[in-house]
Amino acid sequence: MSKLVTIYGGSGFVGRYIARRMAKEGWRVRVAVRRPNEAIFVKPYGAVGQVEPILCNIRDDASVRDALLGADAVVNCVGILAPVGKNKFDDVQHEGAERVARLASEEGVGRLVHISAIGADVDSNSEYATTKGLGEEGVLANFPTAVILRPSIVFGPEDGFFNRFASMSRFGPVLPIVGADTKFQPVYVDDVAHAAVMGVLGQAEAGTYELGGPEVGTLRELTQAMLNVVRRRRLILNVPFFAARIMGGTFDIIKMVSGGLISGPLTKDQVRNLAKDNVVAEDAKGLDDLGIEATSFEVILPNYLWRFRPSGQYDAIKESAQNLKAGHE
């Protein structure tokens, strides 16, 4: 019988790419998610019955244990950018990660891959980064041979980074950003998935890997690169951090008062993260150590940001027609 991997958060942005790759490796894939009915799209990643979404609450021991019973390997992709309902940072990224590792160890699971993030630090002033760091500590305390992956900003067709700014660029001549001079090293989602699969297959040594793409750029530079792809001219306006903190704090209050019904575009905790560079450390192991050639975002962005161009899929056709007309004149 083929081996089984349980992927917590396997229908999320990164998780779905890992699920697809694991299915291609011939493994049975159990996708553990909060809403399995919304994860039906993962089933065609493999043969009939090879990829199955199941219900799992990462805050509950029994639920997590049931999801990993019989698994040969486990991948934890669960993470949040802001608290949502009962899913708080500590519950999900610290206690949830520790719970997965502890129960995987108790059940004799062979390998564990944990998706963290560059900037994970128990001493950070950001709750997101602090709980990511605490989660890593909990994972290693219970599963010392785990492979921990720390990606920078992850890009790809379903990302919440380039897609978000590209969508914003459609409205008005000004594009506001926070942390224009903060550096990032965008990494392609399938490269992250490739690294995770290597961890599952035992092709990556235990330890922590920081994953970044071939380009390092400031947020302003990355935003301009996006604008070039969507063929829009916009004034990139940097919002000062003091103003962004006020905005984030105000949105946090509105969210709290509304009981979570109204969420702003920015939180105070996200502003703290945007003040810090998000790049691979010089002494860190990375994609090169895994033998993975990092994919340039310049190659991938046109494949999915075309829909934000003024004429969408017809923009290139109109451009070609204009060039043809100019050539006949």
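The following paragraphs examine the structure supplied in this document. Just so it is clear, the structure is predicted and the values come from calculations on it, not from any experiment.

Criteria and thresholds
- Residues numbered from 1 in each chain as written.
- Predicted model: local features only at pLDDT ≥ 70, side-chain atom pairs only at ≥ 80, totals over all residues.
- Heavy atoms only, no water.
- Helix = DSSP H or I, 4+ residues; strand = E, 2+ residues; numbered from the N terminus.
- Rg over C-alpha atoms; globule rule 2.2 N^0.38 Å.
- Contact = heavy atoms within 4.5 Å.
- Areas by Shrake-Rupley, 256 points an atom, 1.4 Å probe, with all protein chains shown as cover.
- Lys, Arg positive; Asp, Glu negative; His and termini not counted.
- Charge placed at Lys NZ, Arg CZ, Asp CG, Glu CD.
- Axes fitted to C-alpha atoms, helices over the stretch in contact; angles between N-to-C directions.
- Parallel < 35°, antiparallel > 145°, perpendicular 65-115°, else oblique.
- Left-handed = near helix turned anticlockwise from the far one by under 90°.
- Nonpolar A, V, L, I, M, F, W, Y, C, P; charged D, E, K, R; others polar.
- Salt bridge = Lys/Arg side-chain N within 4 Å of Asp/Glu carboxyl O.
- Buried < 20%, exposed > 50% of the residue type's maximum accessible area, 1.4 Å probe, protein only.
- Pairing = 2+ DSSP bridges.
- Phe/Tyr/Trp six-rings, centres within 6.5 Å; stacked < 30°, edge-to-face > 60°.
- Lys NZ or Arg CZ within 6 Å of the ring centre and 35° of its normal.
- Expected span 1.5 Å × (residues − 1).
- Polar contact = N/O pair within 3.5 Å; in protein donor to acceptor, adjacent residues only side chain to side chain.
- Patch = residues over 30% accessible without salt bridge, like charges linked within 9 Å, V, L, I, M, F, W, Y side chains within 5 Å.

**Re the overall build of the protein chain**
When you go through the protein chain residue by residue, the secondary structure sums to 11 helices and 13 strands. What you see for the protein chain is a C-alpha radius of gyration of 21 Å, in line with the 20 Å of a compact globule of 329 residues. By its C-alpha atoms, the protein chain is 70 × 50 × 40 Å across when sized along the principal axes. If you take every contact in the protein chain between residues at least 6 apart in sequence, the share linking residues at least 24 apart comes to 76%. Per element, the accessible surface of the protein chain, about 15800 Å² overall, is 53% carbon and sulfur. The distance from the centre of the 37 positive side-chain charges to the centre of the 39 negative ones in the protein chain is 8 Å.

**With respect to the packing of helix α7 (residues 219-230) against helix α10 (residues 297-305)**
Running from amino to carboxyl end, α7 crosses α10 at an angle of 50°, the nearest separation of the two axes being 9 Å. The angle between α7 and α10 falls in the class oblique. As for the relative orientation of α7 and α10, their crossing is right-handed in sense. Taken together, the residues of α10 that come into contact with α7 (itself represented by Leu222, Ala225, Met226, Val229 and Val230) are Phe297, Leu301, Pro302 and Leu305. Looking at side-chain class alone, the contact of α7 with α10 contains 9 nonpolar, no polar and no charged residues.

**Comments concerning the pattern of salt bridges**
Tallied over the full model, the rule gives 10 salt bridges. The partner of aspartate 190 in a salt bridge is arginine 21, and the shortest N-O contact between them spans 3.0 Å. Residue aspartate 190 is located in helix α6 (residues 189-200), and its partner arginine 21 is located in helix α1 (residues 13-24); the two are separated by 169 residues in the primary sequence. Salt-bridge contacts for arginine 272 lead to aspartate 269; the nearest nitrogen and oxygen are separated by 3.3 Å. One end of the pair is arginine 272 and the other is aspartate 269, both in helix α9 (residues 268-274) and 3 residues apart, which spans about a single turn. The exposure class of aspartate 269 is buried, given its relative accessible area of 9%. Linked by salt bridges that have partners in common, Asp61, Arg65, Arg99, Arg102, Glu106 and Glu107 make up one network.

**Quick notes on unusual backbone geometry**
Within the chain, arginine 231 stands out as a residue other than glycine whose phi angle is a positive 60°. Its place among the elements puts arginine 231 in the loop between α7 and β13 (235-239). Assessed through its relative accessible area of 33%, arginine 231 is described here as partly exposed.

**Describing the sheet that holds strand β11 (residues 207-211)**
What the 7 strands build is an open sheet, ordered β3-β2-β1-β4-β5-β6-β11; its pairing is parallel. The outermost strands of the open sheet, each flanked by one partner alone, are β3 (51-55) and β11. Each strand axis lies, on average, 20° off the axis of its neighbour in the sheet, ignoring direction. Across the sheet, α6 lies against β4 (73-76), β5 (111-115), β6 (147-151) and β11, angled at about 155° from β5, the strand it touches most.

**Here we look at the packing of aromatic side chains**
Evaluation of the coordinates by the stated rule reveals 9 aromatic pairs. Ring centres 6.3 Å apart and planes at 80° place the aromatic pair phenylalanine 155 and phenylalanine 162 in the edge-to-face group. In this structure phenylalanine 162 comes out as buried when scored by relative accessible area, which is 1%. Sitting over the face of the ring of tyrosine 17, arginine 20 holds its NZ or CZ atom 5.2 Å from the ring centroid. Looking at arginine 20, its charged tip hangs above the ring of tyrosine 45, at a distance of 4.4 Å from the centre.

**Side note on helix α4 (residues 127-142)**
Between the first and last C-alpha of α4 there are 22 Å, a value that for 16 residues agrees with the 22 Å anticipated at 1.5 Å per step. Buried within α4 are the following residues: Tyr128, Ala129, Thr130, Thr131, Lys132, Gly133, Gly135, Glu136, Gly138 and Val139. Sitting at the head of α4, serine 126 places a side-chain oxygen 3.2 Å from the backbone nitrogen of tyrosine 128.

**Let's talk about a nonpolar patch on the surface**
Together, Val174, Leu235 and Leu237 make up a nonpolar patch on the protein surface, roughly 250 Å² of accessible area in all. Take leucine 235: it is sitting in strand β13. Classification of leucine 235 by relative accessible area gives exposed; the value is 53%.

All we've got here are geometric facts, nothing functional implied.
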